[in-house]
Amino acid sequence: MLAIIGGSGLSKLGNMEVTRRKVARTPYGEPSGALTFGRIGACDVVFLARHGYGHTIAPHEVNYRANLWALKDAGAGEVVSIASVGAISSTLAPGALVLPHQVIDYTWGRHATYFEGKGTPVNHIDFTEPYSRGLRAKLVAAAKACGEAVSEQGVYAATQGPRLETAAEIDRLGRDGADLVGMTGMTEAALAREISLEYAALAVVANYAAGRGDSQRAVPLDKIGAVLEEAMRRVRRIIEQLCK
Ligand code: HPA
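Read on for an overview of the structure. None of these values were measured; they are calculated from a predicted model.

A closer look at empty space enclosed by the protein
Applying the stated criterion across every chain yields a total of one cavity of 30 Å³ or more. Approximately 30 Å³ is the volume attributed to the largest cavity. Here the residues of the lining of the largest cavity are counted per class, giving two nonpolar, seven polar and one charged.

If you want it as structure tokens, here you go:
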């Protein structure tokens, strides 16, 4: 089964035939919302809205451990995570789709491992390549097959949020080698690896990061909704193709 985690701008999948919803419980608490089960083309799919169905859970408050655990427990083997991001690299603009291949983690204080607490053995996962190579390749092929342009590489900087960054912070992330910036990608990727879920992110550029492009003096938050709405149409097409 394919799991899809929807981010800002994608709290449901219009092209999914929904069969049932399930409120899941996990040893780590409750996920962001009920799991939605159904079909897209030939795939059995389970969908979860990362920020809750009413978009009420901030990035640093998401129970990532419960979300990934619930998807695994429901029978998912692969997870496609949709995440909106800001563009740091000058080669990216709002509306662009990117399949990041690397992550730099700037978050703090999040529950980012299942291997902690009394009686739990220490375990160091390999994270050299944080995203599933196989699933990334399938997404690249799906995008090509339906004629949607995606950047096939990108370094994702995960910031703590919920505030956006300062221009100086974005300059620093750029010097570190980051191409895009978001607030959710990293915690999910590491947890997915810990429980052997194949995980890849499809990042949707919502805006120029602070101090770049038309965000020189402020990030134009009022424009983001329309950008995401249009881009999510393309995301749905890629997922539909992935499920053919
Ligand atoms: N910064 C961090 N996260 C984001 C941004 C951004 O500019 N845009 C969308 N998610």
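Points about the site of the ligand
Inspection of the region around the ligand gives S84, V85, G86, L164, E165, V181, G182, M183 and N207 as its neighbouring residues. Taking E165, its side chain carries an N or O atom lying 2.8 Å from a nitrogen atom of the ligand. In isolation the ligand exposes 260 Å². Once the protein is present, 91% of that is buried. Assessed atom by atom at 2 Å from the grid points, the ligand resides in the largest pocket. Elements supplying a minimum of two residues to the shell around the ligand: β5 (78-87) and β9 (180-182). Per-element accounting of the shell around the ligand gives the leading share, three residues, to β5.

Side note on the layout of surface pockets
In this model, the largest pocket occupies a volume close to 490 Å³. Lining the largest pocket we find 28 residues, and of these S8, P59, S84, L164 and M183 sit closest to its centre. Taken together, the elements giving at least two residues each to the lining of the largest pocket come down to β5, β9, β10 (198-208) and α5 (221-242). Taken together, Y106, W108, T159, Q160, G161, R163, L164, E165, E169, R172 and L173 make up the lining of the second largest pocket. Of the residues assigned to the lining of the second largest pocket, the class counts are four nonpolar, three polar and four charged.

What about the pairing of strand β7 (residues 102-105)?
Pairing between β7 and strand β8 (residues 155-158): four bridges, direction parallel. Opposite Q102, over in β8, you have V155 as the bridge partner. Once the chain exits β7 it traverses helix α2 (residues 133-145) before rejoining the sheet at β8, and the crossover so formed is left-handed.

Thoughts on the packing of helix α1 (residues 64-73) against helix α4 (residues 185-194)
One way to put it is that α1 packs onto α4 with a least axis distance of 10 Å and a crossing angle of 45°. The orientation of α1 relative to α4 falls into the category oblique. The two elements α1 and α4 meet at a crossing, and its hand is right-handed. The segment α1 lies against α4, with Y64, R65 and L68 engaging T187, E188, L191 and A192.

What counts, and where the lines are drawn
- Residues numbered from 1 in each chain as written.
- Predicted model: local features only at pLDDT ≥ 70, side-chain atom pairs only at ≥ 80, totals over all residues.
- Heavy atoms only, no water.
- 1 Å grid on protein atoms, 1.4 Å probe; cavity = no way out; pocket = protein on both sides within 12 Å on 5 of 7 lines; lining within 4 Å.
- Points joined across faces, edges and corners; volume = space filled by probe spheres on them.
- Nonpolar A, V, L, I, M, F, W, Y, C, P; charged D, E, K, R; others polar.
- Near = heavy atom within 4 Å.
- Polar contact = N/O pair within 3.5 Å; in protein donor to acceptor, adjacent residues only side chain to side chain.
- Areas by Shrake-Rupley, 256 points an atom, 1.4 Å probe, with all protein chains shown as cover.
- Sits in = over half its atoms within 2 Å of the grid points.
- Helix = DSSP H or I, 4+ residues; strand = E, 2+ residues; numbered from the N terminus.
- Pairing = 2+ DSSP bridges.
- Right-handed = clockwise from strand over helix to strand, strands pointing away.
- Axes fitted to C-alpha atoms, helices over the stretch in contact; angles between N-to-C directions.
- Parallel < 35°, antiparallel > 145°, perpendicular 65-115°, else oblique.
- Left-handed = near helix turned anticlockwise from the far one by under 90°.
- Contact = heavy atoms within 4.5 Å.

In short, shape yes, function no, at least from these values alone.
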